[in-house]
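Spelled out from the first residue to the last, the chains are:
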Amino acid sequence: MKIRKAVIPAAGFGTRVLPATKAIPKEMFPIVDKPAIQYIVEEAINSGIREILIITTRGKECIENHFDKSPELESVLLTKNKTDLLINIKSISNLADIHFIRQKEPKGLGHAILCANSFVGNDSFAVLYADDIIINKKPVCKQLTEVYENYNLGVVAAHKVRLENIGKYSSLKLEKLESNIFKCYDMVEKPSKNQIMSDYSILGRCVLPAEIFEILKKIKPGAGNEIQLTDAMKILAQTVGMLAVDFEGKRYDIGNKLGIMEACVDVALSHPEIGARFKKYLIEVLNYDNI
């Protein structure tokens, strides 16, 4: 089954980067010249996704505005004969068929995904976490959809995490099948030390069958007293079966200050317009006598 739908949960408050997120959603933080969420939407599109649902909450209307048409701005750019910028701006509203829905209460990632039930219907779908920009020549979402379409089992993007940090993420019980593909037998969200099963954690992406919704409707709140998607995927892994892919790509956690800065620096260094000058600037800064 080809994966044609994606869900991007973007309803979090961004508390790790306050006060910047008091009025501006972290998903709209610029990574050089594009907001963070546009990188995620483009990853989905480059993976063959044609319909995207972005789950927001009150105060995040600017995300919807970004992907909408802007007649006033387009008129100004046309008048000033700024053709390249005009084409760029118009292309944003034509990226894909993008829908929006609000998560009315902050009940966790699992609850946010449950809000997508009517959008997804009986189709399998990709989930791209809004906190994670992952850059690679072959999109991570595509790496997962190919595995899903081959095995017809739910699949998570996994990567090794330092054991001292794994309590912030999740821990997976895995058995290698082939290359970078693993059978996933168990998982736990934000594990305590005695719950750690491996140093592999779910990071930012998964592809799921529609059966996940019936599981989400029945599970009780887990870590943080929230409905956890990981808890639902654990049930899926132990009943139907799930896979994990040790993905290729560099991940940036834009939910924290360091991740935002790392993404900005790396993207700026490879940017065709400013890359060379920015590299020169960094060299000058790092060679400065007071550093």
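Treat the numbers as computed from the prediction; the structure is a model and nothing was measured. (Residues numbered from 1 in each chain as written. Predicted model: local features only at pLDDT ≥ 70, side-chain atom pairs only at ≥ 80, totals over all residues. Heavy atoms only, no water.)

Another aspect to go through is the state of the cysteines. The final tally for this structure, using the stated rule, is zero disulfides. Of the cysteine sulfurs around Cys 184, a residue in no disulfide, the closest is that of Cys 206, at 11 Å. Cys 184 gets classed as buried once you look at its relative accessible area, which sits at 0%. Free of any disulfide, Cys 206 has its nearest cysteine sulfur in Cys 141, 9.5 Å distant. (Disulfide = S-S within 2.5 Å. Buried < 20%, exposed > 50% of the residue type's maximum accessible area, 1.4 Å probe, protein only.)

In the structure shown here, the tally under the stated rule is three aromatic pairs. Here Phe 125 and Phe 213 contribute two aromatic rings whose centre-to-centre distance is 5.3 Å and whose plane-to-plane angle is 10 degrees, an arrangement assigned as stacked. Taken together, the positions of Phe 125 in strand E6 (residues 125–128) and Phe 213 in helix H8 (residues 212–218) put the pair 88 residues apart, joining distant regions of the chain. Relative accessible area serves as the criterion here: at 2%, Phe 213 is assigned to the buried category. Considering the side-chain rings of Phe 182 and Tyr 200, the 5.3 Å spacing of their centres and the 50 degrees angle between planes classify their relative orientation as tilted. (Phe/Tyr/Trp six-rings, centres within 6.5 Å; stacked < 30°, edge-to-face > 60°. Helix = DSSP H or I, 4+ residues; strand = E, 2+ residues; numbered from the N terminus.)

Next up on the list: the packing of helix H3 (residues 71–79) against helix H4 (residues 83–92). Interhelical geometry of H3 versus H4 gives an angle of 160 degrees and a closest axis separation of 9 Å. Here H4 runs roughly antiparallel to H3, going by the angle between their axes. Here H3 runs over H4; the crossing is left-handed. Contacts between H3 and H4 involve Leu 73, Glu 74, Leu 77 and Leu 78 on the former and, on the latter, Leu 85, Leu 86, Ile 89 and Lys 90. (Axes fitted to C-alpha atoms, helices over the stretch in contact; angles between N-to-C directions. Parallel < 35°, antiparallel > 145°, perpendicular 65-115°, else oblique. Left-handed = near helix turned anticlockwise from the far one by under 90°. Contact = heavy atoms within 4.5 Å.)

Attention now goes to the UniProt feature "domain: Nucleotidyl transferase" (unreviewed entry) in the protein. Here the UniProt-annotated "domain: Nucleotidyl transferase" (unreviewed entry) positions come out as residues 5–265. For the annotated span residues 5–265, helix accounts for 32% and strand for 28% of the residues, and the straight-line distance between the end C-alpha atoms is 31 Å. (UniProt positions renumbered as here; feature names shortened; annotations may be inferred.)

Omega for the peptide link from Leu 18 to Pro 19 comes to 5 degrees, which places this bond in the cis form. Residue placement: Pro 19 occurs in the loop between strand E1 (5–9) and strand E2 (30–31). A positive phi angle, near 60 degrees, is found at Asn 152, a position not held by glycine. Inspection of the secondary structure assignment puts Asn 152 in the loop between helix H7 (140–151) and strand E8 (154–160). Not every positive phi belongs to a glycine, and Ser 179 is a case in point at roughly 45 degrees. By the secondary structure assignment, Ser 179 is in the loop between strand E9 (170–178) and strand E10 (181–189).

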